[in-house]
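# Summary of structural features
Spelled out from the first residue to the last, the chains are:
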Amino acid sequence: MKAFRALVLAVGSLTWAAAAAQEARTLREAFEGKFLIGAAVNERQFTGADTAGVRVLKEHFNAVVAENCMKCQSLHPEENRYDFTRADRFVDFAEKNGMTVIGHTLIWHSQLPDWFCSDGKGGNASPELLKRRMKEHITAVVGRYKGRVKGWDVVNEAIEDNGSFRKSKFYEILGPEYIYLAFQYAHEADPEAELYYNDYSMANPGKREGVVRLVKELKRRGLRVDAVGMQAHLGMEWPPVDGFEKSMLAFAGAGVKVMITELDLSALPAPRANVGANIADTAEYRKELNPYPDGLPKELSDAWMERMGDFFSLFLKHRDIVTRVNLWGVADGDSWLNYWPVSGRTDYPLLFDRSHRPKPVVDRIIREASTVGTEKTN
């Protein structure tokens with residue numbers, strides 16, 4: 001009798017899994033109850049000009065991040081002038097389509113207007129002036145979208161690959177205190193919003209250790225930090241899946257959730273090994289950096305599909321600690337990788353091709369996500 005009951009349970013489980021796999025036809029359906037599946041949205045999409053991109057977003061994604069319009073340079077071009085026009089349209093677009101909004105980003109050394117860290121006379125702003133500007137900016141931005149944005153990338157890319165603090169203007173003027181103040185100001189502006197630290201090259205052991213130290217220090221000071229955003233700008237060889245997994249587990253072990261925040265997988269050669277996503281990096285254009293302008297060879301395409309699928313398998317394996325997976329763009333033609341490290345490259349880094357058709361790996365991801373349980377601790 002026990003054996004019979006076990007057989008019935010096993011058959012029932014298989015039947016349920018098969019039914020779930022058949023029912024889920026989109027990414028958002030497949031990941032329901034597991035974690036959010038999101039994409040970075042550009043202006044042509046949130047204004048409705050890119051109708052094909054909007055169709056894919058509505059069908060497959062339930063979370064969105066603004067590619068550029070919520071960065072300081074866009075929102076706060078002059079000290080006494082904000083421009084919320086595009087950010088308002090982005091948030092309206094998300095809400096209209098039932099998508100979770102993630103704010104990106106409050107404090108970042110890049111895409112920062114020149115005035116922000118300057119005294120206006122060719123020197124640095126004083127510590128007191130910079131603190132005031134930070135608080136005013138964060139309060140204005142977070143406060144405007146209070147209750148509409150689920151969480152914010154509060155500080156972006158503040159740790160070097162060796163685990164030390166990036167020597168940005170913020171750090172030069174305030175030291176690491178600027179990070180703690182940013183989290184404090186963000187929480188004061190919206191106590192209900194989740195707060196995240198976001199960075200690239202997170203599989204590097206040095207950066208992993210540096211981010212863990214930062215998270216622990218934020219917690220020691222009693223500051224809210226809900227998750228670490230791991231920018232998953234992947235290459236065909238770097239990072240290793242197990243190295244990425246080690247960082248996921250290390251961050252969870254520090255007491256926060258994990259978000260995969262800027263996922264793409266470049267099929268093209270990098271100008272040097274272990275390159276991250278520092279947009280200041282450039283390389284002299286060489287033909288070997290753009291080897292497949294007319295499409296990937298089948299062998300490479302198959303390898304790309306397998307590697308992207310393997311990373312999604314990893315995210316599903318750790319769905320108890322992962323709260324969001326976010327592609328950095330909707331379709332291949334949208335990707336920043338077509339312009340980095342040099343302009344004119346043709347890359348194939350996302351789940352949907354230039355014609356907005358799902359790549360074969362999407363079916364694998366949907367099937368796998370549909371056949372795993374939804375048990376979570378977050």
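In what follows, the structure referred to is the one given above.
Residues numbered from 1 in each chain as written. Predicted model: local features only at pLDDT ≥ 70, side-chain atom pairs only at ≥ 80, totals over all residues. Heavy atoms only, no water.

## Quick word on the overall build of the chain
The following threshold applies: Elements are defined by DSSP. Helices are runs of H or I of four residues or more, strands are runs of E of two residues or more, and each kind is numbered from the N terminus. Exposure categories follow from relative accessible area, calculated using a 1.4 Å probe and restricted to protein chains: below 20% of the type maximum is buried, above 50% is exposed, and the middle band is partly exposed. Should any heavy atoms of two residues lie within 4.5 Å, those residues are counted as being in contact. Working definition of accessibility: Shrake-Rupley area with a 1.4 Å probe, residue cover restricted to the visible protein chains.
Check the secondary structure of the chain and you find 13 helices and 9 strands. Of all 378 residues assigned to the chain, the portion counted as buried reaches 56%. Put simply, 78% of the contacts in the chain that link residues at least 6 apart link residues at least 24 apart. Of the roughly 16,400 Å² of accessible surface on the chain, a fraction of 50% belongs to carbon and sulfur atoms.

## So, the pattern of salt bridges
Pairing is possible between side chains of opposite charge, provided their charged atoms come close. The criterion, for reference: Whenever a carboxyl oxygen of Asp or Glu lies within 4 Å of a side-chain nitrogen of Lys or Arg, that contact is scored as a salt bridge.
Enumeration according to the criterion identifies 23 salt bridges in this entry. Note that glutamate 79 is salt-bridged to arginine 133, the shortest N-O span being 3.0 Å. In this pair, glutamate 79 sits in the loop between helix H5 (72-75) and helix H6 (85-96) while arginine 133 sits in helix H7 (residues 127-144), placing the two residues 54 residues apart along the sequence. Judged by its relative accessible area of 6%, arginine 133 falls in the buried class. Here the residues in one salt-bridge network are Glu79, Arg132, Arg133 and Glu136, joined through shared partners.

## Quick look at the side chain of aspartate 334
The condition is simple: Neither His nor the chain ends is counted toward charge; the positive residues are Lys and Arg and the negative residues Asp and Glu. In the analysis that follows, any N or O atom pair within 3.5 Å is treated as a polar contact, provided that within protein one partner can donate a hydrogen and the other can accept it, and provided that, for residues neighboring in sequence, both atoms belong to side chains.
Turning to its location among the elements, aspartate 334 is positioned in the loop between strand S9 (322-327) and helix H13 (360-370). Among buried charged residues, aspartate 334 stands out as having no salt bridge; its nearest opposite-charge side chain is arginine 44, 6.0 Å away. Polar contacts involving the side chain of aspartate 334 include one to the main-chain amide nitrogen of valine 330, which spans 3.4 Å. Aside from chain neighbours lying at most four places away, what touches aspartate 334 is Asn42, Gln45, Asp50 and Glu67.

## Comments concerning unusual backbone geometry
Of note, the bond from histidine 104 into threonine 105 is cis; its omega dihedral lies within 30 degrees of zero at -5 degrees. Relative to the helices and strands, threonine 105 resides in strand S3 (residues 100-108). Omega for the bond connecting tryptophan 238 with proline 239 falls within 30 degrees of zero, at 0 degrees, which places this linkage in the cis form. Relative to the helices and strands, proline 239 resides in the loop between strand S7 (233-234) and helix H11 (241-253). Although it is not a glycine, glutamate 157 sits at a positive phi angle of roughly 60 degrees. Residue placement: glutamate 157 occurs in the loop between strand S4 (151-156) and helix H8 (169-174). You will see that histidine 356, though not glycine, has its phi angle at about 65 degrees, which is positive. For histidine 356, the position within the fold is in the loop between S9 and H13.

## Some thoughts on the state of the cysteines
Disulfides are covalent bonds that link the sulfur atoms of two cysteine residues. In plain terms, the rule: Our working definition of a disulfide is a cysteine sulfur pair at a distance within 2.5 Å.
All told, the structure shown has 0 disulfides when counted by the stated rule. Cysteine 72 provides the cysteine sulfur closest to cysteine 117, a residue in no disulfide bond, and the two sulfurs are 8.7 Å apart.

## Brief notes about the packing of helix H9 (residues 177-189) against helix H10 (residues 205-220)
Quick reminder of the rule: Every axis in this analysis is a line fitted to C-alpha atoms, fitted for helices over the stretch in contact. Angles between the N-to-C directions lie between 0 and 180 degrees. These descriptions rest on fixed angle ranges, namely under 35 degrees for roughly parallel, over 145 for roughly antiparallel, 65 to 115 for roughly perpendicular, and the rest for oblique. Each crossing gets its hand from how the near helix is turned against the far one by less than a right angle, where anticlockwise is left-handed and clockwise is right-handed. In this classification, Asp, Glu, Lys and Arg are treated as charged, Ala, Val, Leu, Ile, Met, Phe, Trp, Tyr, Cys and Pro as nonpolar, and every other residue, Gly included, as polar.
At their nearest, the axes of H9 and H10 sit 11 Å apart, and the two run at 55 degrees to each other. On the basis of the axis angle, H9 is oblique to H10. Crossing hand, H9 versus H10: right-handed. Packed against H9, whose contacting residues are Ile179, Tyr180 and Phe183, the element H10 presents Leu214, Glu217 and Leu218 at the interface. When its residues are assigned to classes, the contact of H9 with H10 shows 5 nonpolar, no polar and 1 charged.

## A look at the side chain of histidine 104
Tracing the chain through its elements places histidine 104 in strand S3. Of note is the side chain of histidine 104, whose polar atom sits 2.7 Å from the side chain of aspartate 153. Other than its neighbours up to four places away in sequence, histidine 104 contacts Val65, Ala66, Met70, Lys71, Trp152, Asp153, Asn156, Asn198, Glu262 and Trp328.

## Examining the packing of aromatic side chains
Selection rule: Two rings belonging to Phe, Tyr or Trp (six-membered ring only in the last case) form a pair when the distance between their centres is within 6.5 Å. Interplanar angles under 30 degrees mark stacking, angles over 60 mark edge-to-face geometry, and anything in between is tilted. Whether a charge sits over a ring depends on NZ of Lys or CZ of Arg being within 6 Å of the ring centre and within 35 degrees of the ring normal.
On inspection of all chains with the given rule, the structure shows 15 aromatic pairs. Taking the centre distance of 6.0 Å and the plane angle of 35 degrees together, the rings of phenylalanine 31 and phenylalanine 312 count as tilted. Linking phenylalanine 31 in the loop between helix H2 (27-30) and strand S1 (36-41) with phenylalanine 312 in helix H12 (residues 298-317), this pair joins segments that are 281 residues apart in sequence. You'll find phenylalanine 31 and phenylalanine 312 in the same group, each marked buried. Ring centres of phenylalanine 61 and phenylalanine 352 lie 6.3 Å apart, and the angle between their planes is 65 degrees; on these two criteria the pair is classed as edge-to-face. With a gap of 291 residues between them, phenylalanine 61 in the loop between helix H4 (51-60) and strand S2 (63-66) and phenylalanine 352 in the loop between S9 and H13 connect regions that are remote in the sequence. Pair check on accessibility: phenylalanine 61 and phenylalanine 352 agree, each one buried. In textbook terms, an aromatic cluster arises when at least three aromatic residues are bridged by ring pairs, as seen for Phe31, Phe35, Phe244, Phe311, Phe312 and Phe315. For lysine 359, the ring lying beneath its charged end belongs to tryptophan 304, and the centroid distance is 4.3 Å.

## Details of H7
To keep things clear, this is the line we draw: Expected helix span is taken as 1.5 Å per residue step, with the number of steps being one fewer than the number of residues.
Helix length check: H7 (18 residues) gives 26 Å between terminal C-alpha atoms against 26 Å at 1.5 Å per residue, within 8%. Along its buried surface, H7 packs onto H5, S3, S4, H8 and H9.

## Here's the deal with the nonpolar core
What tends to happen in soluble globular proteins is that the nonpolar side chains get buried as a cluster. Let me state the cut-off plainly: The definition of a nonpolar core used throughout is a set of buried Ala, Val, Leu, Ile, Met, Phe, Trp, Tyr and Cys residues joined through side-chain atoms within 4.5 Å.
Met134, Phe244, Phe312 and Phe315 are the most contacted members of the largest nonpolar core, which has 109 residues in total. Residues in contact with phenylalanine 315, not counting those within four places in the same chain, are Phe35, Phe244, Met248, Ile260, Leu263, Val322 and Val325. Counting residues in hydrophobic clusters, the runner-up holds 10 residues, among them Val65, Tyr196, Trp328 and Leu337.

## Regarding H6
The condition is simple: When we speak of the arc, we mean the arc of directions from the helix axis to the C-beta atoms.
If you check H6, its first and last C-alpha atoms are 17 Å apart, about what 12 residues at 1.5 Å a residue would give, namely 16 Å. Ala87, Phe90, Val91, Phe93 and Ala94 are the residues of H6 that are buried. Looking down the long axis of H6, one finds its buried residues gathered within 155 degrees of arc, a one-sided arrangement. Every exposed residue of H6 that faces more than 90 degrees away from the buried side is listed here: Thr85 and Lys96. Those residues of H6 that are buried lie in contact with S1, helix H3 (43-46), H4, S2, H5 and S3. Of the residues flanking the end of H6, it is glycine 98, one or two places downstream, whose phi is positive at about 65 degrees.

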